[in-house]
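# Close look at the chain arrangement
Below are the chains, spelled out letter by letter.
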Amino acid sequence: MTLAAAIYEHLKADAGVAALASTRIYPIGIPESEVAALSDSITYLLLATDHMYSQSGVSLMRKQRWEVNCASESYDGSHALKDAVIAAMNMYRGVMGGVGGVTVKHCILIDERDSVLEDHLERGIYVASAEFEIAI
């Protein structure tokens, strides 16, 4: 399983996240077919990967930065969903994604912010984002 798939499975299985977004969790962006009937939803994307090496050149660990965007028709809704994502992911350590998942050494919150993309505002979509560092 890839880390992207593990993030999806982890968020989908979390009761707090599922109560707000159900399974509306997508890599990169919300499919255009889903935008018209927007309900609370999540998108996630890989921002960067840092490789950590030993003196022998062997890679000991990879740290990846992931952005999770929480969209809603209300400002408060986007922040409630972001808070649920943070509760599910921040300080997580273990096998993410269930059986066959990815062993995560740590998942820590780096940043949280509002999105101010004009396209979102024109459509009446509010987005709150959280950025995580995940070490595998």
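Structure shown above.
My aim in this report is to walk through the structure given alongside it, one point at a time. No experiment lies behind these values; they were computed from the predicted model shown.

## Thoughts on a nonpolar patch on the surface
On the surface, a nonpolar cluster with roughly 300 Å² of combined accessible area is contributed by Y75, L121 and Y126. Structurally, the position occupied by Y126 is in strand β6 (residues 126–135). Classification of Y126 as partly exposed rests on a relative accessible area of 34%.

## Here we look at the nonpolar core
Ranked by size, the top nonpolar core spans 27 residues in total, and within it L3, I42, M89 and I134 carry the most contacts. Top contributing element to this core by residue count: helix α4 (residues 75–89), with six residues. Residues within four places of M89 in sequence aside, it is in contact with I7, H10, L11, V68, M96, C107, F132 and I134.

## A short note on the layout of surface pockets
Counted as a void, the largest pocket has a volume near 340 Å³. Those elements that place two or more of their residues in the lining of the largest pocket are α3 (32–35), β2 (41–53), β3 (59–72), β5 (102–114), α5 (118–123) and β6. A breakdown of the residues in the lining of the largest pocket according to their chemical character gives eight nonpolar, six polar and six charged.

## With respect to the pairing of strand β4 (residues 92–96)
Examined bridge by bridge, β4 and β5 share four bridges and lie antiparallel to one another. Along β5, the bridge assignment pairs G94 with V104. Here β4 folds back onto β5 in antiparallel fashion, the turn holding five residues, of which G97 has a positive phi close to 100 degrees.

## Concerning the environment of T49
Mapped onto the elements, T49 comes out in strand β2. We classify T49 as partly exposed; its relative accessible area is 29%. With near-sequence residues (within four places) excluded, T49 lies in contact with R62, K63 and Q64. A distance of 3.3 Å separates polar atoms of two side chains, one belonging to T49 and the other to Q64.

## Describing the side chain of T43
By the element assignment, T43 lies in strand β2. Take T43: its relative accessible area is 8%, and that puts it in the buried class.

## Quick word on the pairing of β5
Where β5 and β6 come together, eight bridges link them in antiparallel fashion. Within β6, the residue paired with D111 across the bridge is E131.

Procedures and definitions
Residues numbered from 1 in each chain as written. Predicted model: local features only at pLDDT ≥ 70, side-chain atom pairs only at ≥ 80, totals over all residues. Heavy atoms only, no water. Patch = residues over 30% accessible without salt bridge, like charges linked within 9 Å, V, L, I, M, F, W, Y side chains within 5 Å. Areas by Shrake-Rupley, 256 points an atom, 1.4 Å probe, with all protein chains shown as cover. Salt bridge = Lys/Arg side-chain N within 4 Å of Asp/Glu carboxyl O. Helix = DSSP H or I, 4+ residues; strand = E, 2+ residues; numbered from the N terminus. Buried < 20%, exposed > 50% of the residue type's maximum accessible area, 1.4 Å probe, protein only. Core = buried A, V, L, I, M, F, W, Y, C linked by side-chain atoms within 4.5 Å. Contact = heavy atoms within 4.5 Å. 1 Å grid on protein atoms, 1.4 Å probe; cavity = no way out; pocket = protein on both sides within 12 Å on 5 of 7 lines; lining within 4 Å. Points joined across faces, edges and corners; volume = space filled by probe spheres on them. Nonpolar A, V, L, I, M, F, W, Y, C, P; charged D, E, K, R; others polar. Pairing = 2+ DSSP bridges. Polar contact = N/O pair within 3.5 Å; in protein donor to acceptor, adjacent residues only side chain to side chain.

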